[in-house]
Amino acid sequence: GLASKGFVEGKNVKFDFQNAQADQSNLRNIATRFTGNKVDLIGAIATPAAQTMANATNKIPIVATAVTDFEIAKLVKSNDKPGTNVTGSSDMAPISSLLELIVKIYPNAKNVGVMYSSSEINSERQVQIFKEEAKKHNLNVREATASNVNDIQQTAQSLVGKVDLIYTPTDNTIASAVPALIKITEKAKLPVFAGEGGEVKGGATAAIAIDYYELGKIAGTMAADILEGKAKPETMPIQYQKNFKTVFNETAVKNLGLTIPADVKHELVK
């Protein structure tokens with residue numbers, strides 16, 4: 001995204017890449033490093049990183065990505081007009097479209113399990129939307145939360161025999177433990193509909209997929225406008241992905257004996 005606007009590393013921009021390895025103390029140390037070095041802009045990937053950076057500075061521009069709802073996460077005053085030093089691109093998935101896909105493939109489904117992390121506020125927001133949309137299709141929703149990756153298998157097992165399929169939002173905890181989830185659902189022949197395509201590559205049945213590469217490009221072009229002085233985070237609306245792909249996992253489709261309707265345009269991934 002930055003390169004498309006003429007920012008080339010080694011020529012007119014310098015990157016300082018830091019990975020917190022999902023550790024909050026590491027995140028705080030990185031924030032201290034960035035603010036101490038008085039960087040011109042901070043890029044933050046996912047809600048925990050964005051919140052930690054925002055807590056560390058209200059002066060340095062922050063462009064975040066992979067945050068579902070900036071307003072709910074208290075990063076901005078409004079998604080339309082941030083009013084803070086934070087802006088970026090949202091990974092809000094098309095939940096209503098996913099539910100339409102679910103009922104098209106499983107028209108007799110009655111009970112849907114929802115798995116997410118109880119500590120991620122953006123996951124709670126997606127689940128709230130999912131429940132509201134599920135009512136329109138007369139689906140009963142059973143929630144199951146996992147506080148960390150070690151709870152994933154037990155949480156998944158608690159849904160076996162009680163639901164017709166499982167939905168997982170774009171949730172950092174779930175995304176980091178997809179193999180553990182699939183180990184349970186595959187054995188139980190329980191379909192998993194995910195919020196993002198990475199989980200489908202990991203074994204989930206299907207998704208109307210968020211493209212994190214595309215979201216990164218969107219954030220990069222926003223960062224370029226800020227660095228060039230053309231815009232300020234305070235007045236830059238949160239941006240969203242506009243086009244989505246429907247993806248199915250080839251192995252999951254075979255395991256479930258699933259027939260994908262002919263009018264569902266899709267890609268198969270392994």
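Shown above is the structure to which this text applies.
Bear in mind the structure is a predicted one, so any value in this text is a computation, not a measurement.

## Points about the side chain of N85
As for its placement among the helices and strands, N85 is situated in the loop between β2 (62–67) and β3 (86–90). Assessed through its relative accessible area of 9%, N85 is described here as buried. Polar side-chain contacts of N85 include one of 3.0 Å to the backbone oxygen of T57. Ignoring any residue separated from it by four or fewer positions in sequence, one finds N85 in contact with T57, N58, K59, I60, P61, I62 and P233.

## Notes on the nonpolar core
With 25 residues, the main nonpolar core has L101, F130, F193 and F248 as its most contacted residues. Elements with a minimum of two residues in this core: α3 (95–105), β4 (111–117), α4 (121–136), β6 (165–168) and β8 (206–210). Take this core: its biggest share by element is six residues, from α3.

## A word on the sheet that holds strand β10 (residues 245–249)
Sheet architecture is open: seven strands sit in the order β5-β4-β6-β7-β8-β10-β11, paired in mixed fashion. Since the sheet does not close on itself, it has two edges, and those belong to β5 (140–146) and β11 (267–269), each with one partner. The average angle at which neighbouring strand axes cross in this sheet is 25 degrees, direction not considered. The pairing of β4 with β5 spans seven bridges and is classified as parallel. The residue of β5 that forms the bridge with M115 is A144. Its contacts with the sheet place helix α7 (residues 178–187) against β4, β6 and β7 (192–196), and it is angled at close to 155 degrees to β7.

Conventions used here
Residues numbered from 1 in each chain as written. Predicted model: local features only at pLDDT ≥ 70, side-chain atom pairs only at ≥ 80, totals over all residues. Heavy atoms only, no water. Helix = DSSP H or I, 4+ residues; strand = E, 2+ residues; numbered from the N terminus. Buried < 20%, exposed > 50% of the residue type's maximum accessible area, 1.4 Å probe, protein only. Polar contact = N/O pair within 3.5 Å; in protein donor to acceptor, adjacent residues only side chain to side chain. Contact = heavy atoms within 4.5 Å. Core = buried A, V, L, I, M, F, W, Y, C linked by side-chain atoms within 4.5 Å. Pairing = 2+ DSSP bridges. Axes fitted to C-alpha atoms, helices over the stretch in contact; angles between N-to-C directions.

Bear in mind that shape data such as this cannot, by itself, settle questions of function.
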